[in-house]
Amino acid sequence: MVDVSGFLVAAAHLFLGAVCAVCGAPGWGACTACRSVIQGAVPHEVYRPGLNVPLIAANDYRPQVEKLVPAFKDDGALQLAPLLSRRLATAVSCLDAPGGARLVPVPSLASAVRRRGLDHGAMLAASAARHLNMQWRAELRGDLRGLDQRSLSAAGRQLNVHGTMRARRLSGAVVIVDDVCTTGASLAEAARALEMAGACVVGAAVIGDADRHCATPSTDFHPGRPVS
Ligand SMILES: [Zn+2]
């Protein structure tokens, strides 16, 4: 049988210069070898001080996700959306959320959405929800204009984001989703705002865990199956 996908990747590499965002080999977003490694990772539970709900990461941040997420968000590699959203869905599936639970993305910086022309966080949440046959809704609003966390410590980030998110009155179970967890400050603030609004926060799920050293085993954790 003719390998059509392999032919398309080779053609994209030849005519468009398409390379894997991780290793630079020919690939449409990510090469076959890197996709295999990314999809084969076993999700793990993550602990972050100040976050009082279970948090699951599908992958370590390094070495793959740290290349994929910026390529997707900042370099226009939207062809990575299916791979990334499946990993997010796999992390969500580990939480055993009750029927009717919906995904709620951490709100993106308004300035970043304007610059990129797209809300990538909402895009991933919507796609992950489709994989899982769940609903999603952008319940959270953030007063996040100009709020850049990158230069701050963990404690500084928690102080910086506290009180910045809000949601209208709501009920039912929700799962918070985001692309990457660093200190967990944004996830903790999202959980606080959703609980204040009346939601039952079942847990949180991310694609990449930027600090694996904070991981801790739990007897309640059930590794989910990769979402295909
Ligand atoms: Zn690769």
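Preceding this paragraph is the structure being described.
As the structure is a prediction and not an experimental result, all values here were calculated from the model. (Residues numbered from 1 in each chain as written. Predicted model: local features only at pLDDT ≥ 70, side-chain atom pairs only at ≥ 80, totals over all residues.)

Undergrad: Even after reading the chapter, I still don't get the sheet that holds strand S2 (residues 55-60), so can you show me in this structure?
TA: Two pairing modes exist for strands in a sheet, parallel and antiparallel, and in both the strands are linked by backbone hydrogen bonds. What the six strands build is an open sheet, ordered S1-S2-S8-S7-S3-S4; its pairing is mixed. The open sheet has two edge strands with one neighbour each: strand S1 (44-46) and strand S4 (135-136). Note: strand S7 (residues 173-181) against strand S8 (residues 200-209), eight bridges, orientation parallel. When the bridges of S8 are listed, Asp-178 appears paired with Val-206. (Pairing = 2+ DSSP bridges. Helix = DSSP H or I, 4+ residues; strand = E, 2+ residues; numbered from the N terminus.)

Undergrad: Just to check I follow, could you spell out the packing of helix H7 (residues 154-161) against helix H8 (residues 185-196) for this structure?
TA: The relative placement of two packed helices is expressed as an angle between their axes plus a distance between the axes. For the pair H7 and H8, interaxial distance at closest approach is 9 Å and the crossing angle is 30°. The element H7 and its partner H8 pack so that their crossing is right-handed. Across the interface between the two elements, Ala-154, Arg-157, Gln-158 and Val-161 from H7 touch Ala-185, Ser-186, Ala-188 and Glu-189 from H8. Among the residues making up the contact of H7 with H8, the classes are represented as four nonpolar, two polar and two charged. (Axes fitted to C-alpha atoms, helices over the stretch in contact; angles between N-to-C directions. Left-handed = near helix turned anticlockwise from the far one by under 90°. Contact = placed C-beta atoms within 7 Å. Nonpolar A, V, L, I, M, F, W, Y, C, P; charged D, E, K, R; others polar.)

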